[in-house]
Amino acid sequence: MIDIYPHLYTLYFFIVTFLALTTRDNSKYIYAGCSLILLLLIALKPVGAYPDDRNYLDLLLFFRSDQLAEENTGRDYLYFYLAHIFSVMFGDKGAIISISLFTVTIKCWVIGKMSKYSLTALLTYVAFCVQLTDLTALRTSLSTSFLFLVIYFSSQKKYFKTFLHYILSCLSHIQGVILLPFLIFLNSIFYKYRYILFVSLFVFGALKLFPFGDFQSTGYAPLDLYLIALNNGLQEEINLFRLSTLSSLLLIFWLDYSNSLEGVFYKRLFLTALMSQLSIFAFYWFPVLAGRFADILLPFMIIYFSICLRKITLYQKIAILFVSFMINLNYLYVNPLFLRDGMLLK
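Only a predicted model underlies this, so the values are computations on that prediction, with no experimental measurement involved.

A. Region of interest: the pattern of salt bridges. On inspection of all chains with the given rule, the structure shows 7 salt bridges. The shortest N-O distance in the salt bridge between lysine 45 and aspartate 53 comes to 3.0 Å. By relative accessible area, aspartate 53 is classed as buried at 1%. Connected through shared salt-bridge partners, Arg75, Asp76 and Arg139 make up one network.

This is the structure:
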C-alpha cells in the first residue's frame, strides 16, 4: 500500500476530472460517489506516512497523561477530547484516520451544498487542502472544518449557528481566533478598494511592518515559540512565486471580474479568499505566521471558488482543473508531503 498510495490520488484526480468534463458537473449522485471514494482513500492512509502523524499520536498520549507541553495546555480541548473518543473506539492510529474522515466529510458536504459545479469545486479542494492540512495537520483540519460550516450558515443568515461553529473552530485550534478581525472588518468599503488593498499588502510585507518582530515575549507560550524562532533567525523561506499562490490569486480576481454576484456575503468572502493568499506576501519574512494565516483563511478561498463557478466555459473549466491537477502533483511528487519526514508506525 505504501508504494501505490500516492498514485491512487493521481488516479482519483484523473477519474474525477474526466467526470467533471463529460457528465453533469452538478449531479448530486456523481458528487456523492466521488466524495465516498475520497473518504475511502483517506481510510487507507498508512499512518506515519505524513510528517505530523507521530506528533499527533504523542500529543494524544501526553493529553491522557496530563503532560502536555506549556504551549499546548489550556487550548484545543475539542480536538483532544474528540481524538480521545476516537482512540477509545478505534485505537490511537484509528483516531488519526477518524479525525481526517470526520473533517473531510464536513467539507465535502458544504462544498456540495454551495457549489453549482460541484466536481470542479471538489478537485480544487482536494488540490489545495487535503494533502496540505486534512492528512497532515489534524488540529487545523478540524478547526477549518467548522469554518466551512461558519461560511455555510453565514450564507443562510443563520447567525447563531454561525457563531456556534466559530467557537467550535477556536476550541479545535486556537489559531481560529485570528479570523475574528476578518469577519468583522472586511466589508464593502475594503471591497470597493480591493486593488489598493492588494498593492498595500505587498508594501506591508516588503517593509516588514508587522510589529511582532520588535517583541521578545508576549507571555503567551504558543506565540512566543514563533517569536523566538523569528528573533533567532528563521531557516525556512517562502517561495513567493509558487504555482498554488499565483494561480490562486489569478483565479480569485478572474472569478470576481467575470461574476455578477453582489451583496455583503460575497464581498466578505472575496476579501477573505484574497487574504488567504496575500498573507503569504504580507508575512513572507515570518513563515510560521504566514502559514497560520493562510491555513485558517483557506476555507474561504475554496468556498469562494465553489459559489463563483456558475457560468464558466469548457476552456475555463479545463484551466481550473489543470491548475488543480498540477498543484496536487506538486504535493505528491515534486515537493512530496507523503513520507517527506514520516515513518510508518507499526
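B. Here's a closer look at the packing of aromatic side chains. A complete count under the given rule lists 27 aromatic pairs for this structure. Ring geometry for tyrosine 125 against phenylalanine 148: centres 6.3 Å apart, planes inclined by 75°, an arrangement best described as edge-to-face. Of the two residues, tyrosine 125 is situated in helix α6 (residues 118–134) and phenylalanine 148 in helix α7 (residues 138–155); the sequence distance between them amounts to 23 residues. The pair formed by tyrosine 125 and phenylalanine 148 is uniform in burial state, with each residue classed as buried. A network of ring pairs unites the aromatic residues Phe128, Tyr191, Tyr195, Phe198, Phe202, Phe253, Tyr266, Phe270, Phe281, Tyr304 and Phe305 as a single cluster. Across from the ring centre of tyrosine 191, 4.1 Å away, lies the NZ or CZ of arginine 194, which sits over that ring.

C. Seen up close, unusual backbone geometry. In the Ramachandran plot, aspartate 76 falls in the positive-phi region, its phi being about 60° despite a non-glycine side chain. Located in the positive-phi region is lysine 157, a residue other than glycine, with phi close to 60°. If you trace the backbone, lysine 157 turns up in the loop between α7 and α8 (159–172).

D. Focus on α8. In this model α8 runs 20 Å from its N-terminal to its C-terminal C-alpha over 14 residues, within 8% of the 20 Å that 1.5 Å per residue would give. Along α8, the positions that sit buried rather than exposed are Thr162, His165, Tyr166, Ser169, Cys170 and Ser172. Axial view of α8: buried residues confined to an arc of 155°, hence all on one face. Pointing more than 90 degrees away from the buried face of α8 are the exposed residues Phe160 and Phe163. Summarising the contacts, the buried residues of α8 are in contact with α4 (77–90), α7 and α9 (180–185).

Each value, and the rule that gives it
- Residues numbered from 1 in each chain as written.
- Predicted model: local features only at pLDDT ≥ 70, side-chain atom pairs only at ≥ 80, totals over all residues.
- Heavy atoms only, no water.
- Salt bridge = Lys/Arg side-chain N within 4 Å of Asp/Glu carboxyl O.
- Buried < 20%, exposed > 50% of the residue type's maximum accessible area, 1.4 Å probe, protein only.
- Phe/Tyr/Trp six-rings, centres within 6.5 Å; stacked < 30°, edge-to-face > 60°.
- Helix = DSSP H or I, 4+ residues; strand = E, 2+ residues; numbered from the N terminus.
- Lys NZ or Arg CZ within 6 Å of the ring centre and 35° of its normal.
- Expected span 1.5 Å × (residues − 1).
- Arc of directions from axis to C-beta.
- Contact = heavy atoms within 4.5 Å.

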